[in-house]
Amino acid sequence: MRGVLCSRTDARLVDVAHDFPRQDVRAAAFWLREVLPTFPPAVHLVVVDPTVGTDRRPIVVVAGEHALVGPDNGVLLPAARALAGDADLACYEIPVEDPASATFHGRDVFAPAAADVHERGIDDVEEAYPTAPDPVDLTFPEATVDGAHARGEVLVVDGFGNVVTNVPGSFLTGRWGDRASVAGRGVPVERTYAAVDRGERLLTVGSHGNVELAVNQGRGDEAFGVEAGSPVEIDLA
Amino acid sequence: MRGVLCSRTDARLVDVAHDFPRQDVRAAAFWLREVLPTFPPAVHLVVVDPTVGTDRRPIVVVAGEHALVGPDNGVLLPAARALAGDADLACYEIPVEDPASATFHGRDVFAPAAADVHERGIDDVEEAYPTAPDPVDLTFPEATVDGAHARGEVLVVDGFGNVVTNVPGSFLTGRWGDRASVAGRGVPVERTYAAVDRGERLLTVGSHGNVELAVNQGRGDEAFGVEAGSPVEIDLA
Amino acid sequence: MRGVLCSRTDARLVDVAHDFPRQDVRAAAFWLREVLPTFPPAVHLVVVDPTVGTDRRPIVVVAGEHALVGPDNGVLLPAARALAGDADLACYEIPVEDPASATFHGRDVFAPAAADVHERGIDDVEEAYPTAPDPVDLTFPEATVDGAHARGEVLVVDGFGNVVTNVPGSFLTGRWGDRASVAGRGVPVERTYAAVDRGERLLTVGSHGNVELAVNQGRGDEAFGVEAGSPVEIDLA
């Protein structure tokens, strides 16, 4: 894909991430929503698709001054909303001449389209590409917070094993140093991993602003026995 | 190596791949032949050498508007032929002042040479470096295709476990949806991984144009029990 | 972090390494001391901190024409001394407005500071940041060499399993092809990995100039049963 991009544009290429969990659309959608808003206006090229090579439409989503190019499987929409601010999203379809010939959509479809969008400019996408009605969307469930009790689920496990939940970080505000109960077991609530001994479990708030189940210098997913989609119940004593 | 390059040239640096199987010259040669032709004219720096530090000559191969810098172990030649088109290849030797002092040829020999070739220009390589006669070559075996029967071998297994064979993709043309027999077991012939259920085996054609043994969202090498160099027999019923 | 950097500076971004052993400050400090001197003058952004999110001060170290931005845990100082040459080091503290809010210091503290140092210029750091007295330092132990006997320790194991010791490479000068004794077992002394058969152990000198315990195309740490910090005794027969 870098070869295709270098052949068609002098744009600055910046790698956002190589280490998304493979073929996990939800995890990628979550991280892109967290990470892309730190970038200046750009064309963001996203290839995360376990159904690569099917009839999944390739699309361009215009989100304010940003554009996202990738598969119509929901991976782009959460980040697009975060990038768009007050602007409306607009989705366009990328024409594919011979879909059957391509098993590597990244190289043959998405990278050429991203280069094209960059070269023509985001403002001209509307004229150049047909509208893509009803793009596949993907949203993240909301947690239920009732006083000192929260019920939610695991959104994603990061590469270090930290478990990101959908419980908002505000749930822990003012409770630093307290103990909580997760699935019936006591866990300290701490602002930093290092507040507990190496190998010990903790509840904290991650950089994404959500409650995280973690282990200092260890894997929270293994210690808490959860994975993406697992239900999470937290009681603050 | 990036430090050396940045110190000696303002050239745009583009990483082609970090994840070639370690010390596997054949796999690297195959992928470079697939990937480098997507790039615009450039100096390509290649360091894949299990015998690093030996008397293996460092060479520059001029291939049309491209140059390749790396060890004389065959890894450069297949890609060089693909890049050269109708142009002849020319090989030059990179002088090494004190071979014994370097255990990291990438940093001490290849990166300085790549920067030098870029700064002086590919056209001036001929004057600056001595000719390297008889470079080590490496070719990939041809498969035998006889009607509905193909006999070949595994060229390489990619990082996802997909098994790339030397059987040309045209062998499967018009047979989508049929069943083939691989080593006596039935396997569907499909255009896309997603045409079969998760975990199911299939025969398909990869982006390189060759027949591939794969598993949808799984590892084809494990399911078919093969590795690089294994013989492959395919019968179309 | 790349998003933050791209938003605040047009500086050329070069990845030095992604594959330092996680949360291993000593290993990172050692490799940075080896690698950074190959770079031209730059702002070097370093995030290796197992105690991330604690009261560990973020600092800027000015070392000649270079600046290093990272945590005050010793990881910066060995490289800073190597970069500074004869110049004195100067350490400054990076102000953090709300330390409690950040769990990802890389994105929220270090990347903005690195962009700021680059944009204002290294010469203006002194005026812009308060001095950081008594930064945490980290040094590597010296080996004892007595004729044909050396006693030292393992500094670090690289990603290939090669064991880097603190014994200076000069200890092996003139002994190529001899046999040494390491922990009572005979090992050949060779200039290159490939001088021994695949899977065989050897003593050699690495690109960093130190004696290395290695296995040709294998893992030296496993073959010699050592890890970072292990004592090493070598006798040249």
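These figures come from a predicted structure and were not determined experimentally.

A.B. asks: Quick question: what am I supposed to make of the environment of glycine 209 of chain B here?
C.D. replies: All names here are of chain B. Tracing the backbone through its elements, the reader meets glycine 209 in the loop between strand 10 (201-205) and strand 11 (210-215). Owing to 14 C-beta atoms within 10 Å, glycine 209 belongs among the partly exposed residues under this scheme. Sequence separation between glycine 209 and serine 170 is 39 residues, and the spatial gap between their C-alpha atoms is 8.1 Å. Excluding residues within four positions of it along the chain, glycine 209 makes contact with Pro168 and Gly169.

A.B. asks: I tried to follow the sheet that holds strand 1 (residues 43-45) of chain A on my own but got confused; where do I start?
C.D. replies: Hydrogen bonds between backbone groups are what pair the strands of a sheet, and the pairing can be parallel or antiparallel. Residue and element names in this part refer to chain A. Strand order in the open sheet formed by 4 strands is 1-3-2-4, with mixed pairing between adjacent strands. At either end of the open sheet lies a strand with only one pairing partner, and these are strand 1 and strand 4 (89-93). The average undirected angle you get between the axes of adjacent strands in this sheet is 20°. Pairing of strand 2 (residues 58-63) with strand 4 involves 5 bridges; the strand directions are antiparallel. Counterpart to valine 61 in the pairing with strand 4 is cysteine 91. Each of strand 2, strand 3 (66-71) and strand 4 is contacted by helix 3 (residues 77-84), which is oriented at about 20° to strand 2, the strand it contacts most.

A.B. asks: Which parts of the structure should I look at to understand the sheet that holds strand 2 (residues 58-63) of chain B?
C.D. replies: Residue and element names in this part refer to chain B. Ordered by their spatial adjacency, 4 strands build an open sheet running 1-3-2-4, and the pairing between neighbours is mixed. Sheet topology places strand 1 (43-45) and strand 4 (89-93) at the edges, where each strand pairs with a single neighbour. On average, each strand axis in the sheet is inclined to that of its neighbour by 20°, with strand direction left out of account. In this fold helix 3 (residues 77-84) packs onto strand 2, strand 3 (66-71) and strand 4, with an angle of close to 20° to the strand it touches most, strand 2.

A.B. asks: How should I be thinking about the environment of asparagine 166 of chain A in this particular structure?
C.D. replies: Residues and elements named next belong to chain A. Along the chain, the position of asparagine 166 falls in strand 7 (residues 163-168). The buried category is assigned to asparagine 166, around which 20 C-beta atoms lie within 10 Å. On a C-alpha basis, the gap between asparagine 166 and alanine 42 in space is 28 Å, while along the polypeptide they are 124 residues apart. When sequence neighbours within four positions are dropped, the list of residues in contact with asparagine 166 reads Phe140, Pro141, Glu142, Ala143, Gly152, Glu153, Leu155 and Asn210.

Conventions used here
Residues numbered from 1 in each chain as written. Chains lettered and ligands numbered in written order. Predicted model: local features only at pLDDT ≥ 70, side-chain atom pairs only at ≥ 80, totals over all residues. Helix = DSSP H or I, 4+ residues; strand = E, 2+ residues; numbered from the N terminus. Buried ≥ 20, exposed ≤ 12 C-beta atoms within 10 Å, placed from the backbone. Contact = placed C-beta atoms within 7 Å. Pairing = 2+ DSSP bridges. Axes fitted to C-alpha atoms, helices over the stretch in contact; angles between N-to-C directions.

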